[in-house]
Amino acid sequence: MHETAMPPVRLIVVVALLASIVGCTGLAGQTRAGGDSVAAQQTLPPPSPPLAGYLGTLSRMAPGNPALQQSELESARAAALQSRSSADTLRYALALGSAGHAGSNPVEAKRLITELLASPNTLTAAEADFAAVWLREFDARVALYAELGRQREAAELQLRQANVAADRRVETLAGENKQLKRALAAAERKLEAVAEMERSLLEQPVEAEPEAPPRP
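Residues numbered from 1 in each chain as written. Predicted model: local features only at pLDDT ≥ 70, side-chain atom pairs only at ≥ 80, totals over all residues. Heavy atoms only, no water.

Peer 1: Help me out: how do you make sense of unusual backbone geometry in this one?
Peer 2: In terms of backbone geometry, most residues other than glycine have negative phi values and most peptide bonds are trans. For arginine 84, which is not glycine, the phi dihedral falls at a positive 60 degrees. Mapped onto the secondary structure, arginine 84 falls in the loop between helix H3 (66–83) and helix H4 (86–97). (Helix = DSSP H or I, 4+ residues; strand = E, 2+ residues; numbered from the N terminus.)

Peer 1: Any chance you could explain a nonpolar patch on the surface here in plain terms?
Peer 2: The grouping of Leu144, Tyr145 and Leu148 at the surface amounts to a nonpolar patch, some 290 Å² of accessible area in total. Under the relative-accessibility criterion, leucine 144 is labelled partly exposed at 47%. (Patch = residues over 30% accessible without salt bridge, like charges linked within 9 Å, V, L, I, M, F, W, Y side chains within 5 Å. Areas by Shrake-Rupley, 256 points an atom, 1.4 Å probe, with all protein chains shown as cover. Salt bridge = Lys/Arg side-chain N within 4 Å of Asp/Glu carboxyl O. Buried < 20%, exposed > 50% of the residue type's maximum accessible area, 1.4 Å probe, protein only.)

Peer 1: It is not clear to me how the packing of aromatic side chains should be interpreted in this structure. Could you clarify?
Peer 2: Centre-to-centre distance and the angle between the planes together describe a pair of aromatic rings. Applying the stated rule across the entire model yields 3 aromatic pairs. An aromatic cluster of at least three residues, connected via ring pairs, comprises Tyr54, Phe130, Trp134 and Phe138. (Phe/Tyr/Trp six-rings, centres within 6.5 Å; stacked < 30°, edge-to-face > 60°.)

Peer 1: Quick question: what am I supposed to make of the packing of H4 against helix H5 (residues 106–118) here?
Peer 2: Angle between the axes and distance between the axes are the two parameters that describe a pair of packed helices. Relative to each other, H4 and H5 sit at 160 degrees, their axes nearing to 8 Å. It follows that H4 is roughly antiparallel to H5 by the angle criterion. The interaxial crossing formed by H4 with H5 has left-handed handedness. Contacts from Ser86, Leu90, Tyr92, Ala93, Leu96 and Gly97 in H4 reach Pro106, Glu108, Ala109, Leu112, Ile113 and Leu116 in H5. Across the contact of H4 with H5, the residue classes break down as 9 nonpolar, 2 polar and 1 charged. (Axes fitted to C-alpha atoms, helices over the stretch in contact; angles between N-to-C directions. Parallel < 35°, antiparallel > 145°, perpendicular 65-115°, else oblique. Left-handed = near helix turned anticlockwise from the far one by under 90°. Contact = heavy atoms within 4.5 Å. Nonpolar A, V, L, I, M, F, W, Y, C, P; charged D, E, K, R; others polar.)

Peer 1: What's the story with the packing of H4 against helix H6 (residues 125–203) in this structure? I'm lost.
Peer 2: Running from amino to carboxyl end, H4 crosses H6 at an angle of 25 degrees, the nearest separation of the two axes being 11 Å. Here H4 lies roughly parallel to H6, going by the angle between them. As for the relative orientation of H4 and H6, their crossing is left-handed in sense. Counting all contacts with H4, which are made through Leu90, Ala93, Leu94 and Gly97, the residues of H6 involved are Glu127, Phe130, Ala131, Trp134, Phe138 and Arg141. Residues of the contact of H4 with H6, tallied by class, amount to 7 nonpolar, 1 polar and 2 charged.

Peer 1: Honestly, the layout of surface pockets in this entry has me stumped. Any pointers?
Peer 2: A water-sized probe rolled over the atoms picks out the places where empty space is left. When its volume is computed, the largest pocket comes out at roughly 250 Å³. Surrounding the largest pocket, 13 residues form its lining, Ala80, Arg84, Thr89, Tyr92 and Leu112 being those nearest its centre. Sorting the residues of the lining of the largest pocket by element identifies H3, H4 and H5 as the ones contributing at least two each. The element best represented in the lining of the largest pocket is H5, accounting for 4 residues. Of the residues contributing to the lining of the largest pocket, the split by class is 5 nonpolar, 4 polar and 4 charged. (1 Å grid on protein atoms, 1.4 Å probe; cavity = no way out; pocket = protein on both sides within 12 Å on 5 of 7 lines; lining within 4 Å. Points joined across faces, edges and corners; volume = space filled by probe spheres on them.)

Structure (structure tokens):
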């Protein structure tokens with residue numbers, strides 16, 4: 001009976017070993033698969049932050065390359081007109097209001113962002129905060145330009161007033177000069193008349209004195 005019990009025992013041991021080997025193989029496969037997945041995730045580029053596109057636009061609108069600035073502005077405008085999306089509208093406003101290019105228009109950029117934030121939009125919280133920061137920037141530039149405009153108008157007004165005063169002074173001096181010339185001419189005529197009278201007196205013959213009558 002002892003010999004008849006041995007084959008089942010061996011069979012159980014073999015089955016247990018096979019199961020252990022299969023389990024280890026599966027675990028190793030899962031471990032390798034997991035390692036491959038982690039490695040793949042580590043080699044993938046990180047997702048772009050939500051503000052990367054706007055920062056790229058601002059970078060391309062930096063002074064120094066007018067052709068690139070014009071291309072970026074036209075691209076942003078075309079995208080905003082075509083999609084009418086909040087993101088493209090904000091991108092166009094940033095490009096339009098950027099300083100340092102010929103088409104810079106902070107007044108219009110301020111209007112676009114103000115209307116965008118005041119109406120229903122699809123901006124994320126980070127994008128809305130970013131837009132609010134640039135809204136304050138454009139508002140400050142608009143106020144600065146308005147102050148510079150007032151100062152320029154005041155300077156031009158002062159210049160015009162100074163020119164008018166100078167013209168009036170020139171007219172006054174011209175009138176005074178004419179009066180002096182007339183007075184000088186009158187004085188010269190008087191001097192000539194006096195000189196003529198003196199010449200006349202000098203040219204008149206001197207009459208001889210009458211002789212005294214003889215004494216008786």
